[in-house]
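# Commentary on secondary and tertiary structure
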Amino acid sequence: QVHLVESGGGLVQPGGSLKLSCVASGSISAIYSMGWYRQAPGKQRELIAADVTGGSAHYAESVEGRFTIFRDADDKNTVYLSMSGLRPEDTALYSCHAAIQSSGSWFGRDYWGKGTVVNVSY
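Structural notes, computed from the coordinates. No experiment lies behind these values; they were computed from the predicted model shown.

## Focus: the overall build of the chain
Per the secondary structure count, the chain includes zero helices and eleven strands. For the chain, the sequential pattern of α-helices and β-strands runs β-β-β-β-β-β-β-β-β-β-β. Rg of the C-alpha trace for the chain: 14 Å, near the compact-globule value of 14 Å for 122 residues, within the 12% margin. Taken along its principal axes, the extent of the C-alpha atoms in the chain is 50 × 25 × 25 Å.

And the structure:
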């Protein structure tokens, strides 16, 4: 079993900053990538940031320059999303995603966390 658990969401004023965390735990053999999706009310889920293990980070145009995705230096099973310059349109449910090969499996698969809500308003 593999689990992803997010934390760090909350209410923040426009222009403010917030850092989300996601920890992957369980029987993990390899993590190929970790990333963040978000879904605003009435909108489709969108990929906003992804970190490929041993590779580079990728961002959606809507967050590039404001958000940074990075892994914990001491625990590569943890990914963060540092958000600054937050706008009301960043309000959404933010979910962690990871492509993971679990122990005993030949292939990787997608795993999701339950999400954490970010609300940007006065």
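## Brief notes about the nonpolar core
Grouped together as the largest cluster of nonpolar side chains are 29 residues, with contacts concentrated most on W36, L81, M83 and Y94. Secondary structure elements with two or more residues in this core: β1 (2-7), β3 (18-26), β4 (28-39), β5 (46-52), β7 (67-71), β8 (78-83), β9 (92-102) and β11 (116-120). Sort the elements by how many residues they give to this core and β9 lands first, with five residues. Once you skip the residues sitting within four places of it in the chain, Y94 turns out to touch E6, L20, W36, Y37, R38, I48, F67, L81, M83, G115, T116 and V118.

## What to know about the pattern of salt bridges
Scanning all chains against the criterion turns up four salt bridges. The shortest N-O distance in the salt bridge between E46 and R38 comes to 2.8 Å. Classification of E46 by relative accessible area gives partly exposed; the value is 31%. Measuring nitrogen to oxygen at the nearest pair gives 2.9 Å for the salt bridge that ties D90 to R38. A residue pair is termed long-range when its members are at least 10 positions apart, and D90 in the loop between β8 and β9 and R38 in strand β4 qualify at 52 residues. With respect to burial, D90 and R38 carry one shared label: buried. Residues joined in a network through salt bridges with shared partners are R38, E46, R66 and D90.

## What to know about the state of the cysteines
If you walk through the whole model with that rule in mind, you get one disulfide. Here C22 connects covalently by a disulfide to C96, the sulfurs 2.1 Å from one another. What sets the handedness of the C22 and C96 disulfide is the S-S torsion sign, and at about -80° it is left-handed. Here the residue C22 occupies a position in strand β3, and C96 occupies one in strand β9, the gap between them amounting to 74 residues. Each member of the pair C22 and C96 is classed as buried.

## Observations concerning the sheet that holds β3
Two strands in a sheet stick together by hydrogen bonds in their backbones, pointing the same way (parallel) or opposite ways (antiparallel). Spatial ordering of the open sheet is given by β1-β3-β8-β7, a layout of four strands whose pairing is antiparallel. Among the strands making up the open sheet, the edge pair consists of β1 and β7. Strand-to-strand, the axes of this sheet are offset by a mean angle of 15°, without reference to chain direction. Across six bridges, β1 lies against β3 in antiparallel orientation. Across the sheet, the residue bridging to H3 is S25, located in β3.

## A closer look at the side chain of D72
Note that D72 resides in the loop between β7 and β8. Among the polar contacts made by the side chain of D72, one reaches the main-chain amide nitrogen of D74 at a distance of 2.7 Å. A polar side-chain atom of D72 sits 2.7 Å from a polar atom in the side chain of Y80. Residues contacting D72, with those up to four places away along its chain left out, are T78 and Y80.

How each quantity is defined
- Counting of residues starts from 1 at the beginning of each chain's written sequence and follows it residue by residue.
- This being a predicted model, a pLDDT of at least 70 is required before a residue's local features are given, and a value of 80 or more before pairs of side-chain atoms are given or counted; all residues contribute to the totals for chains, interfaces and linings.
- As a convention, hydrogens and water are excluded, and side-chain values are obtained from all of the structure's heavy atoms.
- Only DSSP runs of H or I reaching four residues or more are called helices, and only runs of E reaching two or more are called strands; each is numbered from the N terminus.
- For the radius of gyration, the atom set is restricted to C-alpha positions; the globular benchmark scales as 2.2 Å times the number of residues to the power 0.38.
- Remark: nonpolar core denotes a set of buried residues (Ala, Val, Leu, Ile, Met, Phe, Trp, Tyr, Cys) joined through side-chain atoms within 4.5 Å.
- To sort residues, take the accessible area from a 1.4 Å probe on protein chains only and compare it with the maximum for the residue type: under 20% means buried, over 50% means exposed, and anything in between is partly exposed.
- Residue contacts follow a heavy-atom distance rule, with two residues in contact if any of their heavy atoms lie within 4.5 Å.
- Should a side-chain nitrogen of Lys or Arg be within 4 Å of a carboxyl oxygen of Asp or Glu, the pair is scored as a salt bridge.
- A pair of cysteine sulfur atoms is labelled a disulfide when the two atoms are within 2.5 Å.
- DSSP calls a pair of strands paired once it identifies at least 2 bridges connecting them.
- Axis lines are fitted to C-alpha atoms, over the contacting stretch for helices. Their N-to-C directions set the angle, which ranges from 0 to 180 degrees.
- In protein, a polar contact requires one atom able to donate a hydrogen and another able to accept it; more generally it is a pair of N or O atoms within 3.5 Å, and residues adjacent in sequence count only if both atoms are side-chain atoms.

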